[in-house]
Amino acid sequence: MVQISSLKMQIQSQESDLKSQEDDLNRAKAELNRLQQEETQLEQSIQAGKVQLETIIKSLKSTQEEINQVFTVVYTTFCF
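The sections below set out a description of the structure shown in this document.

Calculation notes
- Residues numbered from 1 in each chain as written.
- Predicted model: local features only at pLDDT ≥ 70, side-chain atom pairs only at ≥ 80, totals over all residues.
- Heavy atoms only, no water.
- Patch = residues over 30% accessible without salt bridge, like charges linked within 9 Å, V, L, I, M, F, W, Y side chains within 5 Å.
- Areas by Shrake-Rupley, 256 points an atom, 1.4 Å probe, with all protein chains shown as cover.
- Salt bridge = Lys/Arg side-chain N within 4 Å of Asp/Glu carboxyl O.
- Helix = DSSP H or I, 4+ residues; strand = E, 2+ residues; numbered from the N terminus.
- Buried < 20%, exposed > 50% of the residue type's maximum accessible area, 1.4 Å probe, protein only.

### Some thoughts on a nonpolar patch on the surface
Next up, step 1: Where nonpolar side chains cluster on the molecular surface, the patch consists of Leu-53, Ile-56, Ile-57 and Leu-60 and spans about 400 Å² of accessible area.
Next up, step 2: Checked against the element boundaries, Leu-60 lands in helix 1 (residues 2-79).

### A look at the pattern of salt bridges
Next up, step 1: In the structure shown here, the tally under the stated rule is four salt bridges.
Next up, step 2: Between Arg-34 and Glu-31 there is a salt bridge, with its nearest N and O atoms 2.7 Å apart. Taken together, the positions of Arg-34 and Glu-31, both in helix 1 and three residues apart, correspond to about one turn of that helix.
Next up, step 3: Judged by its relative accessible area of 37%, Glu-31 falls in the partly exposed class.
Next up, step 4: Here Arg-34 makes a salt bridge to Glu-38, at a shortest N to O gap of 3.0 Å. Of this pair, Arg-34 and Glu-38 both sit in helix 1, four residues apart, which is roughly one turn of that helix.
Next up, step 5: The network of salt bridges with shared partners includes Glu-31, Arg-34 and Glu-38.

Here is the structure:
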């Protein structure tokens, strides 16, 4: 009888441990999912930032070309 009682207690303890491990696993899965979503959002943000930078670079190049053209006109007008 004592042995059966001891086995029942062991089973209950193992079931409790298993439940705790399952809870930990579920929390870890939820955290992994959250981190994957955050990673996706960050990647999208980085991509949007790259597009903005490319637009700014194109604009700066265009502005530099205009400055160069104006400088050339001014230089040729007043230096010759």
